[in-house]
Structure formats: C-alpha cells, structure tokens
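Close look at the chain arrangement
Take a look at the letters that make up each chain.
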Amino acid sequence: MERKHKKSIIYILLALISALLIGFGYAYYRHATTIFFAIDGEQVTSHHMTMEYEDNLRITPETIQLTATRNNKDVTNLIKVKKHNLTELKTYDIDFYIEEWDLALITIRVKVVDNTAPTISGESKYTLTKGDAFDESKLNLTASDIFDGNLTDKIVCNTKID
C-alpha cells in the first residue's frame, strides 16, 4: 500500500508542477501579447483630450500621436479607429484597436470645442458727408464661424454718428 501512496503523491506533485508551469506560461504569453499604447511617448490605458472643432474633424492615430508596441516592436501602422462623426460640440469616446489581436483596445475621450471667434469682414473705410444718414449696408459686412457657419444676419451695428 505504501507504494500506491507514493505514486499518488508523485501524481499530485506532477499535477501541481504542471499547473504552475501552465500558469507561468499563460502569464508570459499574456505579457508577450500585450499591446502597449502611448501618446506623445507616454504609455496610456485611456486618455482625455480637448480638440478645436474644424470641418471634417477626424481623429486618427496621427492626429493624437497615438503609437502601439508589441514585444518591443512598433505596431502603430496596425492601429484602426472605429467610425466616428464629430459634428457637435460635445465629448466623444473614440475606440482605437488592432484588428489582429482582440485584446488590443484603447478608448480616447475627446471633448470637441469651438473657441475660435467668428471672422467679420467688410469695408475698412466709410465716408459719410455731414447730414447724410448712416447706411450700414455700404460697409458690406459679413460674418462667418467655422462651427456656426454664416452669421452675417446676426451682425448688429450700434453706431451713433454726430
């Protein structure tokens, strides 16, 4: 019976050693296949940023300087971005991934803002003879904004001429 007992102990030890090796192997595999993302050279697992609105604003790995490495090799050229349409001033969650490896995903939170003042243009000089009424239409004023578009109808002249 003692011999049977020794065999059982050997089998249990072999099973434990196998489990440990499998565990270490999986941990190594998991680390070896991990994708590391970085923005401006700093490793990130998520990121928040603010971007100024512009027509056809698209967020790409290049526009935010997103890079990726796997096993110390640059795999930035494999980064894909899920479709997004940035047409409103709000915060968006944009997912970047590497198609070949399901485990590679990073979400970048982008707040789209419009801090650029509208552009107003028109005549820089206007001559008015004493007694004539001021006619603002002769100034040919126009106003436009990258987000709001044509704002000409919103121009208000508050001019009192003596």
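Note: the structure precedes this text.
What comes next is a walk through the structure.

Definitions and limits used
- Residues numbered from 1 in each chain as written.
- Predicted model: local features only at pLDDT ≥ 70, side-chain atom pairs only at ≥ 80, totals over all residues.
- Heavy atoms only, no water.
- Helix = DSSP H or I, 4+ residues; strand = E, 2+ residues; numbered from the N terminus.
- Buried < 20%, exposed > 50% of the residue type's maximum accessible area, 1.4 Å probe, protein only.
- Contact = heavy atoms within 4.5 Å.
- Areas by Shrake-Rupley, 256 points an atom, 1.4 Å probe, with all protein chains shown as cover.
- Lys, Arg positive; Asp, Glu negative; His and termini not counted.
- Salt bridge = Lys/Arg side-chain N within 4 Å of Asp/Glu carboxyl O.
- Polar contact = N/O pair within 3.5 Å; in protein donor to acceptor, adjacent residues only side chain to side chain.
- Pairing = 2+ DSSP bridges.

Bringing the overall build of the protein into the picture now. Helix and strand counts for the protein stand at one helix and 11 strands. In the protein, which comprises 162 residues, the share counted as buried stands at 22%. Summarising the internal contacts of the protein: among those between residues at least 6 apart in sequence, 50% fall at separations of at least 24. Only carbon and sulfur atoms are counted for the fraction: they give 53% of the accessible area of the protein, which is about 12,600 Å².

What follows covers the side chain of Asp145. Within the element layout of this structure, Asp145 appears in strand β10 (residues 142–145). The side chain of Asp145 is buried and forms no salt bridge, while Lys154, the nearest opposite charge, is found at 12 Å. A polar side-chain atom of Asp145 sits 3.0 Å from the main-chain amide nitrogen of Phe147. Reaching out from Asp145, the side chain makes a polar contact with the backbone nitrogen of Asp148 at a distance of 2.9 Å. Beyond its immediate stretch of four places on either side in the chain, Asp145 contacts Asp114, Thr116, Ala117, Pro118 and Leu151.

Sheet topology places strand β3 (residues 46–52) next to strand β8 (residues 105–113); seven bridges connect them, and they run parallel. The residue bridging His47 from the neighbouring strand is Ile108, located in β8.

Within the fold, Met49 resides in strand β3. Sequence spacing of Met49 and Lys111 is 62 residues, and the spatial spacing of their C-alpha atoms is 6.2 Å. Residues in contact with Met49, not counting those within four places in the same chain, are Ile64, Ile108, Arg109, Val110 and Lys111.

Remark on secondary structure: sheet strands pair via backbone hydrogen bonds, oriented parallel or antiparallel. Spatially, β9-β10-β11 is the arrangement adopted by the three strands of the open sheet, whose pairing is antiparallel. Here the strands that pair on one side only, and so sit at the sheet edges, are β9 (119–121) and β11 (149–150).

What follows deals with the pattern of salt bridges. Within the structure shown, the criterion is met by one salt bridge. With its nearest N and O atoms 2.7 Å apart, the salt bridge here joins Arg109 to Asp93. In this pair, Arg109 sits in strand β8 while Asp93 sits in strand β7 (residues 91–98), placing the two residues 16 residues apart along the sequence.

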